[in-house]
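Chain and residue survey
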Amino acid sequence: MACVKQIEQSMLRHGGRPCAHMEIPCAVLTYCCCSGGMLIVNKLALHHIPLPAVLTVCQFSSASLVVYTCKLLGILEMDNFEWARGRYFLVYVAFFTIGTYTNMKVLSLANVETVVVFRSCTPLAVSICDYVFYERELPNRRSCAALLLITLGAAGYMVTDREFQLHGLRAYFWVSIWWVVLVVQLTFGKFLVGNLNNKTLWTPVLYTNTFSVIPTLIIGWLAGEISERRLLAISFDTPTLCWVFLSCAIGILISWAGFWCQSLVTATAYSVVGVMNKILTVAVDIMIWHNHGSVFGMGSLCLCIVGGSLYQQAPFRADSRAIEVNPEETALQSSTDELAKADDDPQLLIQKS
């Protein structure tokens with residue numbers, strides 16, 4: 001809760017979107033629960049359907065269908081499809097689709113701790129993006145020390161990970177792609193929720209999920225997943241359908257919760273929140289599966305998480321606070337103020353005349 005409170009105070013100081021007192025904590029906790037649950041459910045769903053792209057298409061399609069149906073029924077309010085807005089989402093969706101698929105691919109090939117370690121390294125890159133695109137300062141000494149802990153922990157885990165020992169750097173091909181895409185997605189996602197004047201947060205949910213269906217189908221076809229032999233090999237029994245249905249339901253929730261949280265905090269703070277919620281994920285993973293790392297590897301993982309918890313959000317740069325005042329706008333505002341005063345006191349209007 002201390003991390004949540006720090007983020008909330010930072011948003012109030014630096015002009016974040018106005019929100020209720022408990023909105024930021026609720027958004028953070030909702031996103032953490034959805035994200036942690038999604039990672040576990042996807043792992044179980046892929047155990048029954050070892051086709052990452054097929055499962056991802058199911059999630060995108062169901063989210064798009066459910067949200068748009070609610071729009072037609074008047075249950076949810078959102079913007080219509082339009083090119084002026086959609087062109088930005090097409091760029092985001094390109095990274096969103098690749099990121100979701102590569103995340104599925106990583107979960108089918110490696111353990112959850114591998115995902116968590118790489119996820120813990122995202123604040124370093126996102127903080128640089130915040131400096132370049134959102135006029136934030138570079139990390140201070142405390143944050144640099146935290147990022148150093150994350151890097152050391154990640155390096156220690158990679159050395160002890162049996163996948164790394166067996167296959168070397170090739171074992172991290174997919175997770176490296178996922179990490180780069182995630183950094184771009186986190187940075188650009190802040191622009192989508194803060195600069196496009198969406199009616200509600202269901203607008204980015206509808207756009208991203210709808211636009212992601214076709215690209216994911218293409219990826220699945222290129223990967224050989226959309227073939228009669230592999231599709232017929234799937235056993236559509238009750239457990240399989242339950243896990244797929246649950247993953248689709250959580251997919252809708254995490255889409256909305258992610259944009260909700262991202263609209264309230266900075267890109268770097270959002271990435272740190274994502275790191276911290278992985279603690280629960282690792283705990284559940286240890287209880288369910290036996291393919292986690294060694295004791296030293298788990299210690300390295302904890303070091304990464306400690307570093308992530310120590311990271312401190314950077315304030316705006318001093319040179320970004322200087323705002324040029326337009327003389328015409330100032331004169332117009334003065335005239336408006338005088339007219340407002342004249343309405344309250346007609347004698348002032350007579351004196352001006």
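Residues numbered from 1 in each chain as written. Predicted model: local features only at pLDDT ≥ 70, side-chain atom pairs only at ≥ 80, totals over all residues. Heavy atoms only, no water.

Structural notes on the confidence of the model for the protein
- Per-residue pLDDT for the protein averages 76, and the proportion of residues at 70 or more is 74%.
- Within the protein, the element-level pLDDT minimum falls on helix α1 (residues 2-13), averaging 44, and the maximum on helix α3 (residues 52-72), averaging 93.
- In this model, residues 348-353 is a region of pLDDT below 50 whose contacts with residues beyond four sequence positions or in other chains number three contacts. (pLDDT = per-residue confidence, 0-100. Helix = DSSP H or I, 4+ residues; strand = E, 2+ residues; numbered from the N terminus. Contact = heavy atoms within 4.5 Å.)

Section: the pattern of salt bridges
- Summed over all chains, the structure comprises two salt bridges.
- Put simply, D79 and R85 hold a salt bridge, and the shortest N to O gap is 3.4 Å.
- Here D79 falls in the buried class, since its relative accessible area comes to 8%.
- We note a salt bridge from E82 to R85, for which the minimum N-O separation is 3.1 Å.
- What makes R85 buried here is its relative accessible area of 10%.
- Taken together, the shared-partner salt bridges in this structure form one network comprising D79, E82 and R85. (Salt bridge = Lys/Arg side-chain N within 4 Å of Asp/Glu carboxyl O. Buried < 20%, exposed > 50% of the residue type's maximum accessible area, 1.4 Å probe, protein only.)

With respect to empty space enclosed by the protein
- Inspection of the entire model under this criterion finds three cavities of 30 Å³ or more.
- Every residue lining the largest cavity is counted, 31 residues in all, and those nearest its centre are F96, T100, N103, Q185 and I254.
- Every element with two or more residues in the lining of the largest cavity is listed here: α2 (23-48), α3, α4 (83-109), α5 (112-120), α9 (173-195) and α12 (238-264).
- For the lining of the largest cavity, the residue count by class is 17 nonpolar, twelve polar and two charged. (1 Å grid on protein atoms, 1.4 Å probe; cavity = no way out; pocket = protein on both sides within 12 Å on 5 of 7 lines; lining within 4 Å. Points joined across faces, edges and corners; volume = space filled by probe spheres on them. Nonpolar A, V, L, I, M, F, W, Y, C, P; charged D, E, K, R; others polar.)

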